[in-house]
Amino acid sequence: MTYELMQQYWWFLVSLLGALLVFLMFVQGANSLIFSLGTNEDERRMLVNSTGRKWEFTFTTLVTFGGAFFASFPLFYSTSFGGAYWLWMIILFSFVLQAVSYEFQHKLGNIFGARTFQCFLVINGILGPLLLGGAVATFFNGSNFVIDKMSITDDIQPVISRWANASHGLDALLDPWNLVFGFAVFFLARVLGVLYIINNVNDERIRRRASVRLIGAAVPFLIFFVAFLVRTLLKDGFAYDPATGIIFLEPMKYLHNLMDMWVVTLIFLVGVILVLYAIIKTVMSKTYIGGIWPAGIGVVLVVTCLLLFAGWNHTAYYPSNFDLQSSLTIDNSCSSEFTLRTMTYVSFIIPFVLAYIFYAWRAIDKKKIDLDDIRSDDHAY
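Fair warning: this is a prediction, and the values are worked out from it, not measured in the lab. (Residues numbered from 1 in each chain as written. Predicted model: local features only at pLDDT ≥ 70, side-chain atom pairs only at ≥ 80, totals over all residues. Heavy atoms only, no water.)

**Q** Describe the overall build of the protein, with residues and values.
**A** A tally of regular secondary structure across the protein gives 17 helices and four strands. Computed over its C-alpha atoms, the radius of gyration of the protein comes to 21 Å, within 12% of the 21 Å expected for a compact globule of 381 residues. Taken over the C-alpha atoms alone, the protein extends approximately 65 × 45 × 40 Å along its principal axes. Buried positions account for 52% of the 381 residues belonging to the protein. Counted over contacts in the protein with a minimum sequence separation of 6, partners at least 24 positions apart contribute 77%. (Helix = DSSP H or I, 4+ residues; strand = E, 2+ residues; numbered from the N terminus. Rg over C-alpha atoms; globule rule 2.2 N^0.38 Å. Buried < 20%, exposed > 50% of the residue type's maximum accessible area, 1.4 Å probe, protein only. Contact = heavy atoms within 4.5 Å.)

Now the structure itself:
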């Protein structure tokens, strides 16, 4: 495996991890609807215990996604996580808030009451997908940073990358198109959350409400996603010359990626069809409860392909709006050949990890959540 092929391979793995993270954010989507789907304390406990059995998967995938980026593309990690730290700190704080809320809402000595911690879950359910979506949108719209590798020799401040303003990432939220994609991810998380609750909670009242909420989440998701996609395909994109490394603006670059990488485009379309199929069949059928699976597979395919469009085909995956030549590409931001080769060998155990996750998921979901299950379980959230 050549160095260039390993670079492409690791961008694919990072993209796949990001896609799995978006799918697993059904936890956040369902939590954002706790008070909408649950009209009393018993119903809300069923919802919390349903998502509470899966929240570790989401949190672990978030950490793994960051770790994979750090190991394979360290310059991105130091630039984004180090420069835009206010944005990432708010995201991480909301996830810590989630973990605390699950564990303490029904603990003895909780002076704040269960409802307070349930409100914290709602906050994470809103901020987590919205801000993560806004952060990912910068892969297409750019951020304000500067790369200066010569500054590593500076005795006073040996920092390769720095943010170009004092906002340290919060300026990403001032770009309306970043917010458009953020809201698309937020409503997508709600769609997945509703589909998951329909599948996992054995309560007809909650399922009836969830079917109504599914329409309310799917419509704005489609509007925001299509608007972002059309605008991205038609706007100037960030390309680079592999021979010289010079980065330049190319009209309709992402549309060209769509046409050049036709296999990826076909997979992208299959993913879109699966998501639409899951939504339509769940809305049309009162007995169909398996929509989370085609939707989940579709989301993984779509998000993986979107990230491949952002980084493959000589595209700068993390553009700089302040200094175009500081933009990050797969070529100029990856680890050394030795590091990538070692990590590639390690990555061969990933199928075994996925098999374990599949086994654990099936074991957890062997029985659907119902009210009797919550009342008889001393370890319920």
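**Q** Residues and numbers for the layout of surface pockets, please.
**A** Taken as a whole, the largest pocket spans an internal volume of roughly 960 Å³. If you go around the largest pocket, you meet 29 residues; those closest to its centre are Leu 17, Leu 20, Val 353, Leu 354 and Ile 357. Those elements that place two or more of their residues in the lining of the largest pocket are α1 (3-24), α5 (55-72), α13 (292-311), α15 (337-347) and α16 (350-364). Split by residue class, the lining of the largest pocket holds 23 nonpolar, five polar and one charged. If you add up the space inside the second largest pocket, you get close to 430 Å³. Mapped by element, the contributors of at least two residues to the lining of the second largest pocket are α1, α8 (114-141), α9 (176-200), α10 (204-234), α12 (262-284) and α13. Of all the elements, α10 adds the most residues to the lining of the second largest pocket, at six residues. Looking at side-chain class alone, the lining of the second largest pocket contains 25 nonpolar, two polar and no charged residues. (1 Å grid on protein atoms, 1.4 Å probe; cavity = no way out; pocket = protein on both sides within 12 Å on 5 of 7 lines; lining within 4 Å. Points joined across faces, edges and corners; volume = space filled by probe spheres on them. Nonpolar A, V, L, I, M, F, W, Y, C, P; charged D, E, K, R; others polar.)

**Q** An account of the nonpolar core is needed here, citing residue identities and associated values.
**A** Counting 107 residues, the largest nonpolar core has Trp 11, Phe 23, Phe 69, Phe 73, Phe 139 and Tyr 317 as its most contacted members. Not counting residues within four places of it along the chain, the set of residues in contact with Phe 23 comprises Leu 192, Ile 292, Gly 296, Val 299, Val 300 and Trp 361. (Core = buried A, V, L, I, M, F, W, Y, C linked by side-chain atoms within 4.5 Å.)

**Q** Describe the side chain of Lys 253, naming the residues involved and giving the relevant values.
**A** Inspection of the secondary structure puts Lys 253 in helix α11 (residues 253-260). Buried charge Lys 253 goes without a salt bridge, the closest partner of opposite sign being Glu 250 at 4.1 Å. With near-sequence residues (within four places) excluded, Lys 253 lies in contact with Lys 235, Gly 237, Phe 238, Ala 239, Asn 313, His 314 and Thr 315. (Lys, Arg positive; Asp, Glu negative; His and termini not counted. Salt bridge = Lys/Arg side-chain N within 4 Å of Asp/Glu carboxyl O.)

**Q** Before we move on, could you go through empty space enclosed by the protein and cite the residues and values that matter?
**A** A complete count under the given rule lists two cavities of 30 Å³ or more for this structure. The calculated volume of the largest cavity comes to roughly 110 Å³. Around the largest cavity, the lining is made up of 16 residues, and of these Ser 80, Trp 88, Ala 135, Thr 138 and Tyr 318 lie nearest the centre. Looking at the lining of the largest cavity, the elements that each hand over two or more residues are α5, α6 (74-83), α7 (85-104) and α8. Counted by class, the lining of the largest cavity contains twelve nonpolar, four polar and no charged residues. The volume enclosed by the second largest cavity comes to roughly 100 Å³. Every residue along the wall of the second largest cavity is listed here: Phe 140, Phe 225, Phe 228, Leu 229, Thr 232, Leu 233, Tyr 254, Leu 258, Phe 268, Leu 306 and Phe 309. Elements that contribute at least two residues to the lining of the second largest cavity include exactly α10, α11 and α13. It is α10 that contributes the most residues to the lining of the second largest cavity, five residues altogether. Residue classes in the lining of the second largest cavity are distributed as ten nonpolar, one polar and no charged.

**Q** Residues and numbers for the environment of Leu 308, please.
**A** Secondary-structure assignment places Leu 308 in helix α13. It is 36 Å that separates the C-alpha atoms of Leu 308 and Gln 118, two residues lying 190 residues apart in sequence. In contact with Leu 308, other than residues within four places in its own chain, are Trp 11, Phe 12, Ser 15, Met 261 and Val 264.

**Q** Just give me the short version of the pattern of salt bridges, but keep the residues and values in it.
**A** By the definition in use, this model includes six salt bridges. The residue Glu 204 makes a salt bridge to Arg 207 at a minimum N-O spacing of 3.7 Å. Taken together, the residues span about one helical turn, with Glu 204 and Arg 207 both in helix α10 at a distance of three residues. One salt bridge connects Glu 337 with Arg 341, and the closest N-O pair in it is separated by 2.9 Å. Placement of the pair is Glu 337 and Arg 341 together in helix α15, with a separation of four residues, close to one helical turn. By relative accessible area, Glu 337 is classed as partly exposed at 37%. Residues participating in the shared-partner salt-bridge network are Glu 43, Asp 203, Arg 205 and Arg 209.

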